[in-house]
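Observations on the three-dimensional arrangement
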Amino acid sequence: MNGVTTSSPTSPASVDVVLPCLDEAAALPWVLARIPAGWRALVVDNGSTDGSADLARELGATVVHEPRRGFGAACHAGLTAATADVVCFCDCDASLDPGHLVPFVRDVLDGRADLVLGRRRARGRGAWPAHARAGNLALARLLRRRTGLRLHDLGPLRAARREPLLALGLSDRRSGYPLQMVVRAADAGWRITEHDVPYLPRAGTSKVTGTWRGTWQAVRDMSRVLAEPPADRGAVR
């Protein structure tokens, strides 16, 4: 099982970890071995051709298939497939250790936060290229202007309760999905906090921020999210 264990998805403290996956066979053993005991790994295969889905299943993960390409499409497919009280998100490229989500979940369950984000701290050469850092910084500034939130990072490692997440009505299915989650949560009055997490060199090439072009396409997607008018969704918790 390589560290992937399951528990009753309906127990009050159960946790599902959504892992969007596109050709991540090289990283899957490392990632799935670090899923905390008792949590369920939901690997959302987004059209892999390297056997990622079969490997994930062999390693004990639950596999969800999402044929529509897009990071947001994969994340949302995992969210809708989740049944646990708390849902986490983590990249499936070995750049982030899902074991670091434990204090995130504790903060959510103890009522200290409604959404917890990972503030990435680069470890190792090439972990976070200059163009990706620049794009992240620009978005953090735009987010502050739009919502007043003083966040340092919009990284993919995060945790929140499933039902309130679904109630946000997230609609972006591309690179803007993680940002839309934060923006709509802020509009709804959620308490949003950060934890520092190590950010490691990923396995393979990023489909989003591996190039300047990919980075700025992502920034463009996210800029559209920031242009959405605030919606009165209430303090959904």
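Conventions used here
- Residues numbered from 1 in each chain as written.
- Predicted model: local features only at pLDDT ≥ 70, side-chain atom pairs only at ≥ 80, totals over all residues.
- Heavy atoms only, no water.
- Buried < 20%, exposed > 50% of the residue type's maximum accessible area, 1.4 Å probe, protein only.
- Helix = DSSP H or I, 4+ residues; strand = E, 2+ residues; numbered from the N terminus.
- Contact = heavy atoms within 4.5 Å.
- pLDDT = per-residue confidence, 0-100.
- Pairing = 2+ DSSP bridges.
- Axes fitted to C-alpha atoms, helices over the stretch in contact; angles between N-to-C directions.

Time to look at helix α3 (residues 71–81). The buried fraction of α3 amounts to eight of the 11 residues, a majority that puts the element mostly inside the structure. Within the sequence span of α3, burial applies to Gly 72, Ala 73, Ala 74, Cys 75, His 76, Ala 77, Gly 78 and Leu 79. Tucked inside the fold, the buried residues of α3 contact β1 (15–21), β2 (40–45), β3 (62–65), β4 (86–89), α6 (162–167) and α7 (177–187).

Note: predicted coordinates in regions of low pLDDT should not be interpreted at a detailed level. Confidence in the prediction for the protein averages 86 pLDDT; 80% of positions are at 70 or higher. Note on residues 1–12: pLDDT is under 50 here. Beyond four places in sequence and across chains, it has 29 contacts. Under a pLDDT of 50 for its full length, residues 233–237 has, in the predicted model, 14 contacts with residues more than four places off or in other chains.

Let us now look at the sheet that holds strand β5 (residues 115–122). One open sheet holds the seven strands; their spatial order is β3-β2-β1-β4-β6-β5-β7, and the pairing between them is mixed. Across the chains shown, the open sheet's two edge strands, defined by having one partner strand only, are β3 and β7 (192–199). Between one strand axis and the next, the sheet turns through 25° on average, direction left out of account. Docked against the sheet, α3 engages β1, β2, β3 and β4, running at close to 155° with respect to β1. Those strands touched by helix α4 (residues 102–109) are β1, β4, β5, β6 (158–161) and β7, and its axis lies near 25° from that of β6.

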